[in-house]
Amino acid sequence: MKKTIQKYQFPSGFWWGSAASGPQTEGAAHEDGRKQSIWDYWYSKQPNSFHNQVGPEHTSNFYYLFKEDIQLMKKTGHNSFRTSIQWSRLIPDGHGETNELAVRFYNEVIDELLANGIEPFINLYHFDMPMCMQAKGGWESIEVVDAYVRYAETCFRLFGDRVKYWFTFNEPIVPVEAGYLYNLHYPNIIDFKRGAQVAHNTIVAHSKAVEAYKKLKLDGKIGIILNLTPSYPRSEEERDVKAAHISDLFFNRSFLDPVTKGHYPKELIEILKEHDVIPAIQKGDLEVIHANSIDLLGVNYYQPRRVKAKEEKVMPETRFMPEHLYDPYIKPDRKINPHRGWEICEEVIYDIMIDIRDNYSNIPFFISENGMGVEGEEKFRNLEGYIEDNYRIEFVQEHLKWVHKGLEEGANCLGYHLWTFMDNWSWTNAYKNRYGLVEVEINQEFQRTIKKSGRWFKGLSENNGF
Ligand code: BG6
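The rules behind each value
- Residues numbered from 1 in each chain as written.
- Predicted model: local features only at pLDDT ≥ 70, side-chain atom pairs only at ≥ 80, totals over all residues.
- Heavy atoms only, no water.
- Helix = DSSP H or I, 4+ residues; strand = E, 2+ residues; numbered from the N terminus.
- Polar contact = N/O pair within 3.5 Å; in protein donor to acceptor, adjacent residues only side chain to side chain.
- Contact = heavy atoms within 4.5 Å.
- Buried < 20%, exposed > 50% of the residue type's maximum accessible area, 1.4 Å probe, protein only.
- Pairing = 2+ DSSP bridges.
- Axes fitted to C-alpha atoms, helices over the stretch in contact; angles between N-to-C directions.
- Expected span 1.5 Å × (residues − 1).

Asker: Just give me the short version of the side chain of D240, but keep the residues and values in it.
Answerer: With respect to the helices and strands, D240 occurs in helix 10 (residues 238-261). A distance of 3.0 Å separates polar atoms of two side chains, one belonging to D240 and the other to R234. Apart from residues lying up to four places away in sequence, D240 is in contact with P233, R234, S235, K308 and A309.

Right under this line is the structure:
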């Protein structure tokens, strides 16, 4: 038989897999001692904020189906898989007693993954503040920061003998943007200064968790997952370039610099001072940030941010928002995912890789999320009964070509995880946009069917390229 020549060969040991999160997949929201997170609470108060009023208890039942799901992971070529522990399941009161049923569940998941040759990557926080902790002020409260660090340490002690890759947070800027700036998630506050406090306290929580992990001298790596959304200027004109630089400081460097370099970008601090929105910094905060940089970075990439110089002056009495310093820009000839409305721009993934190589000491990282959401995906079901998602295969291939180029040019990228393994519940969008390699039907059984992309992904992983 003629052997096909692969054009894009990846380094041996490259991680192929996907990412998910506990709150989006486990289901069993009210079972075995789990208590409310902000999502359960918010849904109970405002179901209309969720697509088709589908709330967080309707997630894919991974709690009961994880053994079958791990078999599907094998069938779709996973050698690694990320999920998150739910704080509200492991320590239902936020601090104090650990829930033994939750310990058993997470132990079983970890053991089952390992028994099937799949490396577990465990994240500790995916937007899911326990409601009892939000009642204390959420990330604005130092008490909550301390409770999180104790929760993190509990996880390291319980599971750190087997879990070798830990992540403190997924996309920590999202709760800041969505919860404190743009009124998209609970607690629906619009106040930049409070958002800045949430961001700073999250970074302190992250750094203290890294410190706790290192103290335990476990044999593993710890990092954070950041959504890097590079800002591109409308033109090369100085004022547009400056606008892009400022939005980059707010939305990328604000987290990337402290977790890798141990300090905030100086220019960002100057801007915050100028607008009188500097958060309160406790004694010791900057030192703990400085002393605890990460071992490994996860990069989530979906689409770029495009900006231009501010066109109209902001009224002086308006409360500060980053958008007072630039305007969003829509590139007329951009490529669009018509099923989600997001721009597709594959080469940005390469730009991120080169930026990390050149400006962040080429630290080890991996693509921890990338993926294509599709609304109304059932229309792509073929006669054999599975979703024929050629667009997703093409999407992954086109991104991987750029990842490959970055690797050839020396970027230290260790793997590629797709968002996501199976279609899952996604916050206010619920099940609107499907991202999985595996379809999940939203019925009593949560029936799973591997999509064409899932079959293709297996070949990709087995051949370590395409
Ligand atoms: C990612 C998040 O950024 O986007 C996920 O980490 C989320 O939790 C995913 O589900 C998709 O979002 P959406 O809004 O398209 O369903």
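Asker: If you had to explain the pairing of strand 12 (residues 413-419) to someone new, which residues and values would you point to?
Answerer: Taken across its seven residues, strand 12 has six buried, putting it largely inside the fold. As paired strands, strand 1 (residues 15-19) and strand 12 are joined by five bridges and run parallel to one another. When the bridges of strand 12 are listed, A19 appears paired with W419. When strand 10 (residues 365-369) meets strand 12, the two strands line up parallel, connected through two bridges. Paired with I367 across the strands is Y416, a residue of strand 12.

Asker: Now, about the sheet that holds strand 3 (residues 119-123): what can you tell me, with residues and values included?
Answerer: What the eight strands build is a closed barrel, ordered 1-2-3-4-5-7-10-12; its pairing is parallel. Taken pair by pair, the neighbouring strands of this sheet meet at an average axis angle of 25 degrees, ignoring direction. Those strands touched by helix 10 are strand 5 (221-227) and strand 7 (296-300), and its axis lies near 170 degrees from that of strand 5.

Asker: Before we move on, could you go through the sheet that holds strand 6 (residues 231-233) and cite the residues and values that matter?
Answerer: The strand order across the open sheet formed by three strands is 6-8-9, and the pairing between neighbours is mixed. The two strands at the open ends of the sheet, each matched to only one other strand, are strand 6 and strand 9 (327-328). When strand 8 (residues 305-308) meets strand 9, the two strands line up antiparallel, connected through two bridges. If you follow K308 over to strand 9, its bridge partner there is D327. Contacting strand 6 and strand 8, helix 10 crosses the sheet at an angle of about 170 degrees to strand 6.

Asker: How would you sum up helix 13 (residues 348-359)? Please name residues and give values.
Answerer: For helix 13, spanning 12 residues, the distance from its first C-alpha to its last is 16 Å, which sits close to the expected 16 Å at 1.5 Å a residue. Of all the positions in helix 13, only V348, I349, Y350, I352, M353, I354, D355 and I356 are classed as buried. Summarising the contacts, the buried residues of helix 13 are in contact with strand 6, helix 10, strand 7, strand 10, helix 14 (390-408) and strand 12. Remark: S361 follows helix 13 within two positions and exhibits a positive phi of approximately 50 degrees.

Asker: Account for the environment of Y232, naming residues and giving values.
Answerer: Mapping Y232 onto the fold places it in strand 6. Along the backbone, Y232 and K308 are 76 residues apart, and their C-alpha atoms lie at a distance of 8.5 Å. Ignoring any residue separated from it by four or fewer positions in sequence, one finds Y232 in contact with A244, P304, R305, R306, V307, V348 and D351. Among the polar contacts made by the side chain of Y232, one reaches the side chain of D351 at a distance of 2.6 Å.

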